[in-house]
Amino acid sequence: MSRDLEEYLRPGIESTPFCPGCGHGILMNLVLRAIDECKINMDDMLFVSGIGCAAWIPSPHFNADTLHTLHGRAIAFATGAKMFNPKLNVMVISGDGDLASIGGNHLIHGARRNIDLTVICANNMIYGMTGGQVASTSPLGALTSTSMDGNVYRPFDLCKLVLGAGARYVARFSVTQPLLLVNAIKKSLNTPGFTFIEVLSPCPTQFGRRNRYDSPADMLKTLTERCIVKEEARNLSEDELEDKIVTGEFTIE
Amino acid sequence: MGYKVIESTFPAGSYYLSGNEAIAEGAIAAGCRYYAGYPITPSSEIMERISVRFKDLHGVFMQMEDEIASICSVIGAVWAGAKAMTATSGPGFSLMQEGIGYAALTETPLVIVDIQRAGPGTGQATRVASGDLMQAKWGSHGDYYIIALSPWSVQEMYEQTIHAFNVAEKYRVPVFVMGEEAVGHLRERIEVKDTLKIFNRKKKKGAPPFGTDQDDGIPPMPSFGDGEKLLVTGSTHNEIGIRKTDDPDAHSRLVNRINKKILNNRNNIIQTESHHLKDAEVVVVSYGFTARSALFAIEQLRKEGKKVGLLRLKTIWPFADEIIHDIGQRAKTIFVPEMNRGQIIGEVMKYASCEVIPYNQTNGEIIHPHRIINEVRRLMQ
């Protein structure tokens, strides 16, 4: 955490509960960076999260109103708060399992209603907190505690899903692309309506160790290499793209 | 204390309304300005009326994607400062249970109307039952306490909905209006007064929102946007909301307090109505629509000179334990007719020392007065 952003943290908070090498600490830093650069008053912010590691990014760390809810239901809780008090600047931060699996229905309906929410989905492609089970975002072949022979089901493309449901602004960036990610969060905060950012965040403890990454650093390095911006992707062949993760801002073309 | 008298938003006078419409008006009168729900028979008329009535009142009506989202968005709105409600029936009530436990643990005041229909499963969606009373008490996991009311008329659908908001706000607890299809769809005359008493949640700047030294056990409740930088969590927490997921004392203290704040105040919460109890040898204990049949039945039996009485439970939870104990000391027999396989009778048996006789009907029909008359006659032979 940058020292200049410590004023955004709740007094008394000295450490995060995240594992060494987890991407969520970087994301925490970048969210606060975006809020700082947008000059948003934390008194107006409400952070809503579900259940899982990513849900602990705002609660209890951020020095603002925080609502730590049920598994999967963050967007439904956020809808009630925002609709009753539109002055609240409401940001949902949660994980992929929370927002896209158990909460998938609320995600698409939130996007359909186009309620003014900023939704940040920290995607580590696995159920981290419960011990590394396969997720609806785990890549094909991923080794997890419930897919020891490799995941056989296709993962969701979360950006396409949310875009298809009608979100105003959709982006995907990795915690290894900090400047692009801060800009996306700022844009999302400044765009009225439902906005969604998928943030790729490595989970060395549950995903990395089962999928033969040597170290957390190795996982970050691989993520850096795999993530390319969509403009770059245009010039690559299908074979060259196979191993890549296309990042950027997405619209319906 | 804490109540104030306000003018009714619903003009005073006589109205001919259905029970479901009366619930909508009661909620609005009590100050409900956020409603989220999902269509389900036989409760949908509540959301239909609210969706129209809210337009002039700057209320927020949300038709959500399911009952889970409905209860969750209600909780979100309440923490944003609203008085809020949802209404449903059995299957929707089942879906809401996790949210109800969350509301109980976070001490979120809200009202849930359950217009009970014949279950389990999809059952008979348009038919009456009162099969959800134990679910109201025990539906979510863990130990918590709620308040559940049982209206028997359209008038009471209106009044008990107002009362539900008042006790929800007073005790910071989810409150259930356990209506039944027969009252929800009943049309009869109601009288609306020009004023009503309402209770608004206590607020105290800087006071811990999840703990109190006060005897009543009810902490003040701030809202999002008040600058209090609230920490609301469904995990075990301390008095300011910091998660305490492995502290035995914190868990025991929190769970005990959210139960005791209702149980210790139960004599202020419980409402009953007595008919001919003084010399009654047989006492019918009844609630909801069945109590209408029971009252008709005991009036008939009194004409035959039979010493029968009626205790009507207007509050189901917390249960009227002391009153039942008292009746059990004096009466020979307590008779409990229910539109279920026997739910409240178990509570009666816990506290009554006399003979307790059930009458259960689960055919989707109301219990007709003549059935109660015949059964009580047989008991008194």
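Quantities reported herein were computed from a predicted structural model and do not represent experimental measurements. (Residues numbered from 1 in each chain as written. Chains lettered and ligands numbered in written order. Predicted model: local features only at pLDDT ≥ 70, side-chain atom pairs only at ≥ 80, totals over all residues.)

Here the focus is the interface of chain A and chain B. Contacts between chain A and chain B engage 27 residues on the former and 34 residues on the latter. Listed by contribution, the elements that provide at least two residues to the side of chain A that touches chain B are strand 2 (65–68), helix 2 (74–84) and helix 4 (104–113) of chain A. No other element matches the 8 residues that helix 2 of chain A contributes to the side of chain A that touches chain B. Each residue belonging to the side of chain A that touches chain B can be placed in one class, and the counts come to 12 nonpolar, 11 polar and 4 charged. Here strand 2 of chain A runs beside strand 13 (residues 231–233) of chain B; their pairing, made up of 3 bridges, is parallel. Within strand 13 of chain B, the residue paired with His68(A) across the bridge is Thr233(B). (Contact = placed C-beta atoms within 7 Å. Helix = DSSP H or I, 4+ residues; strand = E, 2+ residues; numbered from the N terminus. Nonpolar A, V, L, I, M, F, W, Y, C, P; charged D, E, K, R; others polar. Pairing = 2+ DSSP bridges.)

On to the packing of helix 1 (residues 19–30) of chain B against helix 7 (residues 154–171) of chain B. Residues and elements named next belong to chain B. Taken N-terminus to C-terminus, the directions of helix 1 and helix 7 make an angle of 35°; their axes are 7 Å apart at the nearest point. The crossing of helix 1 and helix 7 is right-handed. Only Val154, Met157, Tyr158, Glu159, Thr161, Ile162, Phe165 and Asn166 of helix 7 make contact with helix 1, whose side of the interface consists of Gly19, Ala22, Ile23, Glu25, Gly26, Ala27, Ala29 and Ala30. When grouped by side-chain class, the residues that make up the contact of helix 1 with helix 7 number 10 nonpolar, 4 polar and 2 charged. (Axes fitted to C-alpha atoms, helices over the stretch in contact; angles between N-to-C directions. Left-handed = near helix turned anticlockwise from the far one by under 90°.)

The subject of this paragraph is the sheet that holds strand 4 (residues 60–63) of chain B. Pairing is mixed across the open sheet formed by 7 strands, whose spatial order is 4-3-5-6-10-9-17 (chain B). Edge positions in the open sheet fall to strand 4 and strand 17 (315–317) of chain B, since each of these has one partner strand only. Between one strand axis and the next, the sheet turns through 20° on average, direction left out of account. Note that strand 5 (residues 84–88) of chain B and strand 6 (residues 110–114) of chain B share 4 bridges and pair parallel. Paired with Ala87(B) across the bridge in strand 6 of chain B is Val113(B). Lying on the sheet, helix 2 of chain A is in contact with strand 3 (34–37) and strand 4 of chain B; it crosses strand 4 of chain B at an angle near 155°.

Residues and elements named next belong to chain A. Following both chains from N to C, one finds helix 1 (residues 24–37) and helix 6 (residues 178–190) inclined at 55°, their axes separated by 9 Å at the closest point. Of the possible angle classes, the one that applies to helix 1 and helix 6 is oblique. Every pair of crossing elements has a handedness; the one defined by helix 1 and helix 6 is right-handed. In this structure, helix 1 uses Leu30, Val31, Arg33, Ala34 and Glu37 to contact helix 6, whose residues at the interface are Pro178, Leu181, Val182, Ile185, Lys186 and Leu189. (Parallel < 35°, antiparallel > 145°, perpendicular 65-115°, else oblique.)

Residue and element names in this part refer to chain A. Of all 6 residues that make up strand 6 (residues 195–200), 6 are buried, and the element is covered over most of its length. Alternating positions in strand 6 separate into two faces, Thr195, Ile197 and Val199 on one and Phe196, Glu198 and Leu200 on the other, with burial throughout. Examined bridge by bridge, strand 4 (residues 118–123) and strand 6 share 6 bridges and lie parallel to one another. Looking at the pairing, Asn123 lines up with Leu200 of strand 6. Inspection of the sheet shows strand 5 (residues 169–174) paired to strand 6 by 6 bridges, in the parallel sense. Directly across from Ala171, in strand 6, lies its bridge partner Ile197. (Buried ≥ 20, exposed ≤ 12 C-beta atoms within 10 Å, placed from the backbone.)

Let's shift gears to unusual backbone geometry. Residues and elements named next belong to chain B. With an omega dihedral of 5°, the bond running from Thr41 to Pro42 counts as a cis peptide bond. Counting through the fold element by element, Pro42 comes out in the loop between strand 3 and helix 2 (44–53). Cis geometry is found at the peptide bond from Gly119 to Pro120, where omega equals 0°. Mapped onto the fold, Pro120 is located in the loop between strand 7 (117–118) and strand 8 (124–128).

The next thing to look at is the pairing of strand 3 (residues 89–95) of chain A. Residues and elements named next belong to chain A. Counting buried residues along strand 3, 7 of its 7 residues qualify, which places the element largely inside the surrounding structure. Alternating residues of strand 3 divide into Asn89, Met91, Ile93 and Gly95 and Val90, Val92 and Ser94, and every residue in both groups is buried. Bridge count for strand 1 (residues 45–49) against strand 3 is 4 bridges, and the pairing is parallel. Bridging from a neighbouring strand, Val48 pairs with Val92 of strand 3. Two elements, strand 3 and strand 4, share 5 bridges in a ladder whose sense is parallel. Within strand 4, the position partnered with Val92 by the bridge is Val119.

So, on to the domain arrangement of chain B. Residue and element names in this part refer to chain B. Splitting chain B by domain gives domain 1 (3–199) and domain 2 (273–379). Across the contact, 22 residues belong to domain 1 and 20 residues belong to domain 2. Looking at the side of domain 1 that touches domain 2, the elements with two or more residues in it are strand 8, helix 6 (133–138), strand 9 (147–149) and helix 8 (181–184). Across the side of domain 1 that touches domain 2, the residue classes tally to 15 nonpolar, 4 polar and 3 charged. (Domains from an automatic or database assignment.)

All names here are of chain B. Here Gly92 shows up in helix 4 (residues 90–95). Under the C-beta neighbour-count criterion, Gly92 is labelled buried, with 23 such atoms within 10 Å. Sequence separation between Gly92 and Ile71 is 21 residues, and the spatial gap between their C-alpha atoms is 9.9 Å. Not counting the four nearest positions on each side in its chain, Gly92 is found in contact with Tyr38, Ile40 and Glu67.

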